[in-house]
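So you can see what is in the structure, the chains are spelled out below.
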Amino acid sequence: MMKHYVIIGNGTAAVGCIEGIRTVDKESPITVVSGENRHVYCRPLISYYLEEMTDIEKMKYRKDSFYSDNNCEVLYGKHAVAVDKDKKTVQLDDGEVLNYDELCVAAGSRSFVPPFEGLDTVEKKFNFMTLDDALALESAVEPDSKVLIVGAGLIGLKCAEGIQDRVGSITVCDLADRVLSSILDSECSELMSRNLEEHGISLMLGDTAVRFDKNTAYMKSGSEVDFDVLVLAVGVRANISLVKDACGEVNRGIIINNRMQTTIDNIYAAGDCTEGKDSSDGQNRVIAILPNAYMQGKCAGVNMAGGDETFDNAIPMNSIGFFGMNAMTAGQRPDDAEVYEEKSDNRIKKLYTKDGYLTGFMMINCAERTGIYTSLIRNKTPLDSVDFDLLKKNPGLMPFGENYTGKKLGSVV
Amino acid sequence: MRRVYVNEEWCLGCHLCEYNCAFANSGESSMVKALKDKKIYPRIQVEEGDKINFAVSCRHCTDPLCIKSCISGALTKDENGVVTIDHNKCVGCLTCILVCPYGTVVRDGEGAVNKCELCLKNSCGSPACVKGCPNRAIVYEER
C-alpha cells in the first residue's frame, strides 16, 4: 500500500529518515519541508567553509540527484507551522496543507539569544548555525575587523577558528569559567585555552556581555569591549513547538522512545530537536550531535515504512579540533567514577570507570584508535571480560581476547 | 564481497603489511622513495601479543558506524560494499576515529584521515598487504 511520508526538516536526520524509509519502501512519495533554501549540506562544516577548507559544492551531504533518486519532493524555503494529529496534516507558513500517513519531525534547533539590553543598536550581529549565517558573517568581516563572540562553546570557538585568518582580532567571552564547558573538565579546558590563546584568540572567561551600545559591549565584570562584528553563540534550543502544540510530550527536546516515536501516533522525531535516552547513564537528554541525528533519522524512517528497528545505544560524543589540537569525549563522567589518567605536555587522557564499566572518556591530542573505547561505552562491555589493564594504556583489539578477534577479523561484521 | 581476513595463528608480527600498505598508497614507483626517512601512515596495523599477533584493517562493515557519523559526507560505501573516503570532502574532524570500534581509521599526516580501501583506488588493484604477506596471515577472499 502506498503511504505518504512527510519530513519536517532537511538536515542530517532527514537524510537518515529518507534512506531509512527507502530500505523498506522504494515507492511511496516523500515530501521534505526545508526551511533553508538549500540542498542538504553538512552543517558542522560552516566554520570549515570560512576557513576555506571546503566549499559550498563539497559541503553537500548527498549528491545533487539525491532527492530525485529517492522520489522526494522538497519544498524549499517553507516552514511547518502546525501539525493536526487527528486530520494527519501539516500546515505550512504559505497556507499549504500536507497530508501525511507517517510524519517525521526533524526540525533541528535554533540559536538561543538571551534578551541583551541594547542588542538592537548593534549593526553587525550574527548567529552561527546555518550556511546562510556563515555567508552573512563572511561578507561582514574585513581584514581589520574586531570580532566579539559571546559563547566559548563548540559553536562560538569553531566560528573563531573559521574566521581567524579573515579578521583583525577575536575576543571570545563566556560566563562559564572555562572554554567548552559542556564537554571538558577544567584541566582539559585549560590546555585548550592555552592553545587558543597561542593562536591569537583572546578569551574573557567568567565574564559575559550584559549590555550593548552600538559597537561597545559592557561586560558583567565592568570592563568594556569594542567590536565591529558581534557573533552570538550563547546556546541552542531544540525546536519542539510543533509537537508540543499538538500535545505530544516534550521536555527540552521532543520525547522519543527507542523506535523514534513521539507520544503521538504516526509521528516520529529525529535529530537535534529530540530528547531520548543516553545509554551511557540511562538518563533522558538532548544529544545534539550529527551521528545521532543520522542514526535516529534512519531508525525513524525504517519504522515509518513498516520495518522494525530500534536505536537504543545513543551516547554523547564529540571529536573537535582547534588549530591542530584535538579533543575527544564520549559518555558520562559520574562524580564517583574511578579515573585512569595519562598526562604530558600537550596531551591528556582520562578514562572514567564505574561498577565495572567504562562510562566515559576525555582526551586531548590522543585520538588514535579511540573508537575502541567508545565501543566499550556503547556496547556496555563488562570490563572483566577484557584485559582492561592493557586496554587502558593502549586501545587495541588484543585485550578483547582470541574469541573476539577471531570473530571480528575472521568474518563479515 | 572480498575482504581482508586474518589468520591470527600465522602472523609473524613482521609488519611488512604496514610497509606494503604505505608504499602502495604513496603513489611512488619505488619503495625506497616512498618510505625512506618518512613517517608512514599505514592503513593496516599489526598488534603484537605474547602468544599471537594480528594485523587489523578496515572490516568494511555491513552497517558502518563511520559512514553514519561522518560530518562531511566524505565516507561512503560504493556499490560493491567497499567503504571509501573522499579526501576532497574530509575536513579531518576525526569523528570516524572516535567511532570505529576496530580502530582502523588513521590520520593521514596532512589533516585528513585514511582507511583501507582494499587498494582498489591505487595502482595495486588488490590489497598490497595481502600480496606481500610472507605467511598468508592475511588473505583477501569472500566469506
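Here the structure is a predicted model, which is why all the values come from computation and not from measurement.

### Description of the sheet that holds strand E7 (residues 102–105) of chain A
Residues and elements named next belong to chain A. The strand order E3-E2-E1-E7-E19 describes an open sheet built from 5 strands, whose pairing is parallel. Of all strands in the sheet, those bounded by a partner on one side alone are strand E3 (72–76) and strand E19 (267–269). Each strand of the sheet is rotated relative to its neighbour by a mean of 20°, with strand direction disregarded. In the sheet, strand E2 (residues 30–34) pairs with E3 via 5 bridges, with the strands oriented parallel.

### As for the interface of chain B and chain A
Taken residue by residue, the interface counts 40 residues in chain B and 44 residues in chain A. For the pair chain B and chain A, the summed buried surface comes to about 3600 Å²; carbon and sulfur atoms form 61% of the total. For the chain B face of the interface with chain A, the top three residues by lost area are B:Lys68, B:Leu98 and B:Tyr102, together amounting to 19%. We note a salt bridge from B:Glu47 to A:Arg369, for which the minimum N-O separation is 2.8 Å. Mapped onto the side of chain B that touches chain A, the elements with two or more residues apiece are strand E1 (2–6), strand E2 (45–48), strand E3 (53–56), helix H3 (65–69) and helix H4 (95–99) of chain B. Here the side of chain B that touches chain A is composed, by residue class, of 20 nonpolar, 10 polar and 10 charged.

### Concerning the sheet that holds strand E20 (residues 274–277) of chain A
Residue and element names in this part refer to chain A. Spatial ordering of the open sheet is given by E18-E20-E21, a layout of 3 strands whose pairing is mixed. The outermost strands of the open sheet, each flanked by one partner alone, are strand E18 (254–255) and strand E21 (284–285). For E20 and E21, the ladder comprises 2 bridges, and the chain directions are antiparallel. Considered in E21, the bridge of lysine 277 is made with asparagine 284.

### Some thoughts on the side chain of A:Glu342
Residue and element names in this part refer to chain A. Relative to the helices and strands, glutamate 342 resides in strand E24 (residues 338–344). In this structure the side chain of glutamate 342 is engaged in a polar contact, spanning 2.5 Å, whose partner is the side chain of tyrosine 340. Within the local environment of glutamate 342, its side chain forms a polar contact with the side chain of arginine 347, the two groups lying 3.3 Å apart. Discounting residues that sit within four places of it in the chain, glutamate 342 has contacts with Arg347, Ile348, Lys349, Lys392 and Lys393.

### Quick word on the confidence of the model for chain B
Taken over all residues, the pLDDT of chain B has a mean of 95, while the share at 70 or more is 100%. Interface confidence for the predicted complex, given as ipTM, is 0.97, next to a pTM of 0.96.

### Observations concerning the pairing of strand E25 (residues 347–354) of chain A
Remember that side chains alternate between the two faces of the sheet whenever the strand is regular. Residue and element names in this part refer to chain A. The buried fraction of E25 is high, at 6 of 8 residues. Sheet topology note: the E24/E25 ladder contains 7 bridges and is antiparallel. Directly across from valine 339, in E25, lies its bridge partner tyrosine 352. The turn linking E24 back onto E25 is made up of 2 residues. Pairing geometry for E25 and strand E26 (residues 357–364), over 7 bridges, is antiparallel. Within E26, the position partnered with leucine 351 by the bridge is phenylalanine 361. Taken together, E25 and the strand that follows it, E26, pair antiparallel across an intervening segment of 2 residues, in which aspartate 355 is found at a positive phi of about 50°.

### Notes on the pattern of salt bridges
If charged atoms from side chains of opposite charge come close, those side chains can pair. All names here are of chain A. The full count for this structure, using the stated rule, is 29 salt bridges over all chains. In this structure, aspartate 281 engages arginine 285 in a salt bridge whose closest nitrogen and oxygen atoms are separated by 3.0 Å. One salt-bridge network, in which partners are shared between bridges, spans Asp185, Glu187, Glu341, Lys343 and Lys350.

### Structural notes on the nonpolar core
Ranked by size, the top nonpolar core spans 172 residues in total, and within it A:Val90, A:Leu137 and B:Ile138 carry the most contacts. Top contributing element to this core by residue count: helix H8 (residues 290–304) of chain A, with 7 residues. Setting aside anything within four residues of it in sequence, one finds A:Leu137 in contact with A:Leu50, A:Phe126, A:Phe128, A:Cys159, A:Ile163, A:Val229 and A:Val231. A:Leu119, A:Phe212, A:Met219 and A:Phe227 belong to the second largest nonpolar core, which has 15 residues in total.

### Regarding the pairing of strand E14 (residues 216–219) of chain A
Residues and elements named next belong to chain A. Bridge count between strand E13 (residues 209–213) and E14: 4 bridges; the pairing is antiparallel. Considered in E14, the bridge of alanine 209 is made with methionine 219. Hairpin connection of E13 to E14: 2 residues between the antiparallel strands, including lysine 214 at a positive phi of 50°. Taken together, E14 and the strand that follows it, strand E15 (residues 224–226), pair antiparallel across an intervening segment of 4 residues, in which glycine 222 is found at a positive phi of about 105°.

The rules behind each value
Residues numbered from 1 in each chain as written. Chains lettered and ligands numbered in written order. Predicted model: local features only at pLDDT ≥ 70, side-chain atom pairs only at ≥ 80, totals over all residues. Heavy atoms only, no water. Pairing = 2+ DSSP bridges. Helix = DSSP H or I, 4+ residues; strand = E, 2+ residues; numbered from the N terminus. Axes fitted to C-alpha atoms, helices over the stretch in contact; angles between N-to-C directions. Contact = heavy atoms within 4.5 Å. Buried area = accessible area lost by both parts, 1.4 Å probe. Salt bridge = Lys/Arg side-chain N within 4 Å of Asp/Glu carboxyl O. Nonpolar A, V, L, I, M, F, W, Y, C, P; charged D, E, K, R; others polar. Polar contact = N/O pair within 3.5 Å; in protein donor to acceptor, adjacent residues only side chain to side chain. pLDDT = per-residue confidence, 0-100. Buried < 20%, exposed > 50% of the residue type's maximum accessible area, 1.4 Å probe, protein only. Core = buried A, V, L, I, M, F, W, Y, C linked by side-chain atoms within 4.5 Å.

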